Amino acid sequence: MDLTRRVTPRTARERASVSTVELFFDLVFVFAVTMADDLMADDPTPITLLHGILVLAVLWWAWVCYSWLGNVVRADEGIVRVTMLAAMSAVFVIALTIPEAFDDLSGGLDGPVVFALAYFVVRALHILMFVVISREDPQLRGQVKRFVPSMLSGTVFLLIASQSTGGWQVAMWCLALAGDYLGTLAGGLGWRLRSVGHFAERHGSFVIIALGESVVSIGVGVSSLPISWEIVVASVLGLTVASLLWWLYFDVTSLAVEQAFERADEKRRVRIAQRCYSYLHLPMVIGIVLMSLGLKKVLYFVGSESEHQLTDPLTGWPLIALFTGAALYLTALVLFKQFGAGVFGLARVVAVVVLLALVPVVWQLPALAALGVLAAVLLALVGYETVAHAERRREVRSPRHPRPPHSTSPR
């Protein structure tokens, strides 16, 4: 009886916070995101950028599945903890095979096949746990059944892609992602959501993971180079850009959406969870990773005197990734806040237009100057919002009826 009690999943608390096993689970995604960034950064071309974005979309969906699971049952208790650790191992295998996700290297196992099979294991463990926890919940069991075809189709198309090349391979990857993303969307809103705070916190933690990759990119770009004033200036500018992206998400936006999320009825909550968090956080992550690629190249340009002069411009796909990555991040934030809290960020739309319009302008500027322009645009946006929306900011950050503290009593 004691063993049965120990392995039985326990319902998550209404005011649950993120558990340590979930934070531990996220560590493999730190490595996986780094590998996806490396896949794009080694030789930035439209094809490698597309490959990296497809890999990020697969990784994201694998992570999203477990964010929902940890919101329904406690991730640090019973069989769920074991499942999380097993899925963590499969994700680590996925991360290791990212360099071979599209092109198998000579020797060893078939990389694309291993990638697809590891992804199947991650998804299958997730489905298995939902089957277990929905045994006394007919509505949730029906939702899980509607979800299974999308999981199977995604894995099947990845396996087909592993035996394809070129355009057909990319097409199979797109079909695999369409099966996952569109299949889930078509499956309805019958999912359970127990803790708004936990769900918002989980997704905020992944934004931190992506921003952490941008910080790592700053260091990696110059790790083998002697320190110089150019490197110091570029590093500070790069960290400023990352800090401003953090500010744009966490200062007001995430709080405003979470408060609207808390006030919503049950169906509206599930809709916000799907659209704002499961779907719209992906372009945020992709935008940050693309920007990280550009940061890495800028640092290398200003620090490698033997290959580049300080006056050399950052052109081509690294420059495009730097500015369009930031623009994509801002666009996702606008949609996130509009759908979640009903607030349209006009200033952010203007900033997106400005960033895209600046790409041909900064094409001939030195790499360090281009980074400075990006930092200036983001700083101007943050400064404007802080002054123009000061009253609204105070209301969001100091609500009259704050959310009750997380419960610490066992359940």
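Above this text is the structure in question.
Only a predicted model underlies this, so the values are computations on that prediction, with no experimental measurement involved. (Residues numbered from 1 in each chain as written. Predicted model: local features only at pLDDT ≥ 70, side-chain atom pairs only at ≥ 80, totals over all residues. Heavy atoms only, no water.)

S.K.: What exactly am I supposed to notice about the packing of helix H10 (residues 253-263) against helix H11 (residues 266-279) here?
M.R.: Pairs of packed helices are described in terms of their axes, by the angle between the two and the distance that separates them. Relative to each other, H10 and H11 sit at 155°, their axes nearing to 9 Å. The pairing of H10 with H11 is recorded here as roughly antiparallel in orientation. You can see that H10 and H11 cross each other, and the crossing is left-handed. Contacts from Val257, Glu258, Ala260, Phe261 and Glu262 of H10 reach H11 at Arg269, Ile272, Ala273 and Tyr277. Here the residues of the contact of H10 with H11 are counted per class, giving 6 nonpolar, no polar and 3 charged. (Axes fitted to C-alpha atoms, helices over the stretch in contact; angles between N-to-C directions. Helix = DSSP H or I, 4+ residues; strand = E, 2+ residues; numbered from the N terminus. Parallel < 35°, antiparallel > 145°, perpendicular 65-115°, else oblique. Left-handed = near helix turned anticlockwise from the far one by under 90°. Contact = heavy atoms within 4.5 Å. Nonpolar A, V, L, I, M, F, W, Y, C, P; charged D, E, K, R; others polar.)

S.K.: Explain the pattern of salt bridges to me, please; I cannot follow it from the model alone.
M.R.: Oppositely charged side chains can form a pair if their charged atoms are brought close together. For the structure shown, the criterion picks out 13 salt bridges. The shortest N-O distance in the salt bridge between Arg202 and Asp26 comes to 2.7 Å. Residue Arg202 is found in helix H8 (residues 196-220), and its partner Asp26 is found in helix H2 (residues 20-41); the two are separated by 176 residues along the sequence. Judged by its relative accessible area of 1%, Arg202 is buried. (Salt bridge = Lys/Arg side-chain N within 4 Å of Asp/Glu carboxyl O. Buried < 20%, exposed > 50% of the residue type's maximum accessible area, 1.4 Å probe, protein only.)

S.K.: Can you help me understand empty space enclosed by the protein in this one?
M.R.: Empty pockets left among the atoms are what a rolling probe the size of a water molecule brings to light. Inspection of every chain in the model, using the stated rule, returns 4 cavities of 30 Å³ or more. Taken together, Trp61, Val64, Cys65, Trp68, His126, Phe130, Phe147, Thr184, Trp191, Gln274, Ser278 and Tyr279 make up the lining of the largest cavity. Going through the elements one at a time, helix H3 (46-72), helix H5 (111-133) and H11 are the ones with two or more residues in the lining of the largest cavity. A per-element tally of the lining of the largest cavity places H3 first, with 4 residues. In the lining of the largest cavity, the residues fall into 8 nonpolar, 4 polar and no charged. (1 Å grid on protein atoms, 1.4 Å probe; cavity = no way out; pocket = protein on both sides within 12 Å on 5 of 7 lines; lining within 4 Å. Points joined across faces, edges and corners; volume = space filled by probe spheres on them.)

S.K.: What is the right way to look at the environment of Pro149 in this model?
M.R.: For Pro149, the position within the fold is in helix H6 (residues 138-162). Along the primary structure Pro149 and Arg123 are separated by 26 residues, whereas in three dimensions their C-alpha atoms are 12 Å apart.

S.K.: Can you help me understand the layout of surface pockets in this one?
M.R.: Of the volumes computed, that of the second largest pocket is approximately 330 Å³. Together, 21 residues line the second largest pocket, and Val252, Lys337, Arg348, Glu385 and His389 are the ones closest to its centre. At the level of secondary structure, the elements contributing two or more residues to the lining of the second largest pocket comprise helix H9 (229-250), helix H13 (316-341), helix H14 (346-362), helix H15 (367-388) and helix H16 (390-397). The element contributing the most residues to the lining of the second largest pocket is H15, with 4 residues. Split by residue class, the lining of the second largest pocket holds 11 nonpolar, 4 polar and 6 charged.

S.K.: Is there a simple way to explain the nonpolar core in this structure?
M.R.: Within soluble globular proteins, side chains that are nonpolar generally end up buried alongside one another. Core analysis: the largest hydrophobic core is formed by 132 residues, its most contacted members being Trp173, Phe323 and Leu330. Examining the composition of this core, we find that 17 residues originate from one element, H3, more than from any other. Apart from the residues lying within four places of it in its own chain, the contact partners of Phe323 are Leu355, Leu358, Val359, Val362, Ala370, Val373 and Leu374. (Core = buried A, V, L, I, M, F, W, Y, C linked by side-chain atoms within 4.5 Å.)

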